[in-house]
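# Notes for the structure review
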Amino acid sequence: MHDELLTIGRFARLCRLSVKQLRHYDEMGLLAPVRVDAGSGYRYYAPEQARNALTIALLREMDLPLAVIAQALAAEPERRAQILRAERDRLTERISRDQARLEMLERLAQSGLPGYEVKMSREPERRLAVVRAACTPAEIGEKVEACVGRLLPVLGRARVVWEPPLWGLYPLDLEERMEIAVGAQLPQVEGTPGLEFEVLPGGLVAETVHIGSYAQLPLAYNALFAAIHERGLCPQVPVREAYLVGPAEAPQEELMTRLIIPVQESMA
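Residues numbered from 1 in each chain as written. Predicted model: local features only at pLDDT ≥ 70, side-chain atom pairs only at ≥ 80, totals over all residues. Heavy atoms only, no water.

Further remarks concern the pattern of salt bridges. Per the counting criterion, the structure on display carries twelve salt bridges. Here Asp-37 makes a salt bridge to Arg-35, at a shortest N to O gap of 3.4 Å. Beyond isolated ion pairs, a larger network of salt bridges with shared partners links Glu-123, Arg-126, Glu-207 and Arg-258. (Salt bridge = Lys/Arg side-chain N within 4 Å of Asp/Glu carboxyl O.)

Another point: helix α6 (residues 140-158). With 19 residues, α6 extends 27 Å between its outermost C-alpha atoms, agreeing within 8% with the 27 Å of an ideal straight helix rising 1.5 Å per residue. Among the residues making up α6, those that are buried are Ile-140, Val-144, Cys-147, Leu-151, Val-154 and Leu-155. Burial along α6 is one-sided: seen end-on, the buried residues are contained in an arc of 100°. Residues Glu-142, Glu-145 and Arg-157 are exposed on α6 and point more than 90 degrees away from its buried face. Following α6 by one or two positions, Arg-159 has its phi on the positive side, about 55°. (Helix = DSSP H or I, 4+ residues; strand = E, 2+ residues; numbered from the N terminus. Expected span 1.5 Å × (residues − 1). Buried < 20%, exposed > 50% of the residue type's maximum accessible area, 1.4 Å probe, protein only. Arc of directions from axis to C-beta.)

For helix α7 (residues 217-230), built from 14 residues, the straight-helix expectation of 20 Å at 1.5 Å per residue is met to within 8% by its first-to-last C-alpha distance of 20 Å. Looking one or two places after α7, you find Gly-232, whose phi comes out positive at around 70°.

Next comes the structure, spelled out in C-alpha cells:
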C-alpha cells in the first residue's frame, strides 16, 4: 500500500497544485492525506485523490468558499447539484450588481456627479395600504417586485380604487436585514378587509426626481442626503420612493422615481 502512495510533493505536481495548498486543504478538512508518517509527519496521498484535489482547485478558482466546497464534495450527486446551482445564482446576482456599478462608474467618468435638483417641500399626510417584506440590500429589487405582486391582487379583490403611484418605504440605513414595504394610497380606508395600513405623517421633506434605472438610484440618494446635511437637517424614516413611471410603462432609462425623505431641524 505504501508503495502506491505519493508524497505530498509528487501529488502536488500531479494535480498542478502547491504543497502549501494541499496542506491548507488538509487543515480545512477538505482533503486529508491517506497516511501521515508518525515519525516524520510526511503526508502521503493516493492517486485516486487527484480528482477531488483538482475539483477543489477548480471551485476555488471560481471563488467558491471552502465551506461550500466541503459540502459539495461530501454530498450525493443530487444535493451537490443543488449546492452548485445555489452558488451559480449567487454569482449571477453578484455579476448583476457589479454591472450596475460599472454603469454608474461610466456615467460618473463621462459626466461627473449628475445634477439633481433637491427641493424642500411640505408633504401631506398619506394613508397607504401596504405589504411588507424582510430582505438584504441585494434583495431589494426582488422583494419590491414580490410585494407589488402581493398588493395589487389584494386591492383588486377588495374592489377599491387606489391612487397612483405605488410607494416604496425604506429605512434610512440599508442594513444586512431590514424591513421594506410597498403601498398604495386609498381615498378611503375604512371597511377594507385584508389590508394593512400605514399612515405617513405630513411635514417638511427633501425630495428629488431620478430618471433612469433603479440600479442608479444611489446617485440620486447621494445628492439628496448631501443636500439634507448641508442644510443642517436630520433625515427621518421612512424613506419614500414614488414610482411615477414604472417598468411596465417604459424602458429602464426612462423610469421616473420621486425620492422623498422627511426631515427635521437638527438638535445639535
